[in-house]
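One-letter residues, chain by chain:
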Amino acid sequence: MEDTQAERGISRRTVELTVACLFLLLSVVAFYDNYTRGAGWASDGPQSGYFPARLAVIMFLGSAFTFVVALRAKPEIFVTYEQLVRISKVLIPLIIFTIGIDWFGIYLSSALFLAIFMVWLGEFSVARSCVSAVAFVVATFLIFEIWFQVPLPKGPVEALLGL
């Protein structure tokens, strides 16, 4: 039988307090920005910041309420450190892939992402991963670029190949 009390991780209270603080800050910035644009009523109607400023106040009140409720909540685990590591193993490569699209284009980034992901997390052989990645990229190229004629972001490798 697993002892759930022995699990360590980030508490739900910590997550809710952090998110509430971020939204409190965001609502203050939004209110200030809209107030400087004019958040009142002019002779011809509401100024440009009138409605957004009121929405910022509503967001502030909701975030303050969430903050108070989170302060009073009993601590419970939101995510364990083991779960956080597993999530990071997917999230970090995905972020790198997304940034890589801008530098290398979608085809090379997709091939690298898929091959590395298959080897690292899927524990497939390097040869099988590379063949799968190339097949996926060729299929994607044929479907989008040739059949649908939808150009996808290209990088320097595609430019060298004349694609």
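Fair warning: this is a prediction, and the values are worked out from it, not measured in the lab.

## Section: the overall build of the protein
No. 1: In terms of helices and strands, the protein carries six helices and four strands.
No. 2: Each helix (α) and strand (β) of the protein, taken in turn from the N terminus, gives the series β-α-β-β-α-β-α-α-α-α.
No. 3: The C-alpha radius of gyration of the protein comes to 24 Å, more than 25% above the 15 Å expected for a compact globule of 163 residues.
No. 4: In the protein, which comprises 163 residues, the proportion classed as buried is 22%.
No. 5: Here the contacts in the protein between residues at least 6 apart in sequence split such that 62% fall between residues at least 24 apart.
No. 6: By element, 70% of the accessible surface of the protein is carried by carbon and sulfur atoms, the whole surface being about 12,000 Å².
No. 7: Counting 11 positive and 12 negative side-chain charges, the protein places the averaged centre of each group 6 Å from the other.

## So, helix H3 (residues 81-104)
No. 1: With 24 residues, H3 extends 33 Å from end C-alpha to end C-alpha; this agrees with the ideal 34 Å at 1.5 Å per step.
No. 2: Of all the bends found along H3, the most pronounced is centred on Ser88 and spans about 30°.
No. 3: Those residues of H3 that sit buried are Pro93, Phe97, Gly100 and Ile101.
No. 4: Positive backbone phi, approximately 90°, marks Gly105, located one or two places after H3.

## Digging into the packing of H3 against helix H4 (residues 106-120)
No. 1: The N-to-C vectors of H3 and H4 enclose an angle of 160°; their axes lie 8 Å apart at closest approach. By the angle class used here, H3 and H4 are roughly antiparallel. Once H3 is placed against H4, the crossing between them reads as right-handed. Seen from H3, the contacting residues are Lys89, Val90, Pro93, Leu94, Phe97, Gly100, Ile101 and Phe104; seen from H4, they are Ile106, Leu108, Ser109, Ser110, Phe113, Phe117 and Trp120.
No. 2: The residue inventory of the contact of H3 with H4, partitioned by class, reads eleven nonpolar, three polar and one charged.

## Some details on the environment of Lys154
No. 1: Summarising the element assignment, Lys154 is placed in the loop between helix H5 (126-147) and helix H6 (156-161).
No. 2: For Lys154, a relative accessible area of 31% translates into the label partly exposed.
No. 3: Along the chain, Lys154 and Pro46 lie 108 residues apart, while their C-alpha atoms are 45 Å from each other.
No. 4: Each residue touching Lys154, except ones within four places of it in the same chain, is listed here: Gly105, Tyr107, Glu145 and Leu163.
No. 5: A polar atom in the side chain of Lys154 sits 2.8 Å from the side chain of Glu145.

## Observations concerning the domain arrangement of the protein
One widely used convention gives an interface's size as the accessible area the parts lose upon coming together.
No. 1: The assigned domain composition of the protein is domain 1 (2-75) and domain 2 (81-161).
No. 2: Here the C-alpha centroids of domain 1 and domain 2 sit 37 Å apart.

## Considerations on the side chain of Thr140
No. 1: Along the polypeptide, Thr140 turns up in helix H5.
No. 2: A relative accessible area of 15% places Thr140 in the buried class.
No. 3: The contact partners of Thr140, leaving out residues within four places of it in the chain, are Tyr107, Glu145 and Leu152.

What counts and what doesn't
- For every chain, the first residue of the written sequence is number 1, and numbering continues from 1 along that sequence.
- Local features in a predicted model are, by the rule used here, given only for residues with pLDDT of at least 70; side-chain atom pairs are given and counted only at 80 or more, and totals for whole chains, interfaces and linings are based on all residues.
- Side-chain figures throughout are based on the complete set of non-hydrogen atoms in the structure, without hydrogens or water.
- Counting from the N terminus, the helices are DSSP H or I runs at least four residues long and the strands are E runs at least two residues long.
- What the globule rule says is 2.2 Å times the number of residues to the power 0.38, and the radius of gyration is computed from C-alpha atoms.
- The classification of residues rests on relative accessible area computed with a 1.4 Å probe and restricted to protein chains. Under 20% of the type maximum is buried, over 50% is exposed, and intermediate values are partly exposed.
- Residues are treated as being in contact if the distance between any of their heavy atoms lies within 4.5 Å.
- Each accessible area is a Shrake-Rupley result for a 1.4 Å probe, and residues are judged covered by the shown protein chains and nothing else.
- For the purpose of counting charges, residues Lys and Arg are taken to be positive, whereas Asp and Glu are taken to be negative. His and the chain ends are not included.
- Taken as the charge location is NZ of Lys, CZ of Arg, CG of Asp or CD of Glu.
- Multiplying 1.5 Å by the helix residue count minus one yields the expected span of that helix.
- In this scheme, the bend at a residue equals the angle between the axes fitted to the seven residues that finish there and the seven that begin there.
- Here an axis means a line fitted to C-alpha atoms, over the contact stretch when the element is a helix, while the angle between two N-to-C directions is reported on a 0 to 180 degree scale.
- Any angle between 65 and 115 degrees counts as roughly perpendicular, while under 35 counts as roughly parallel, over 145 as roughly antiparallel, and the rest as oblique.
- The sense of a crossing depends on the near helix, which, turned anticlockwise from the far helix by less than a right angle, makes the crossing left-handed and, turned clockwise, makes it right-handed.
- Just so you know the grouping, Ala, Val, Leu, Ile, Met, Phe, Trp, Tyr, Cys and Pro go in nonpolar, Asp, Glu, Lys and Arg go in charged, and all remaining residues, Gly too, go in polar.
- Here a polar contact is recorded for every N or O atom pair within 3.5 Å, except that within protein the pair must consist of a potential hydrogen donor and a potential acceptor, and residues adjacent in sequence are included only if both atoms are side-chain atoms.
- Boundaries of every domain are those given by an automatic assignment or by a domain database.

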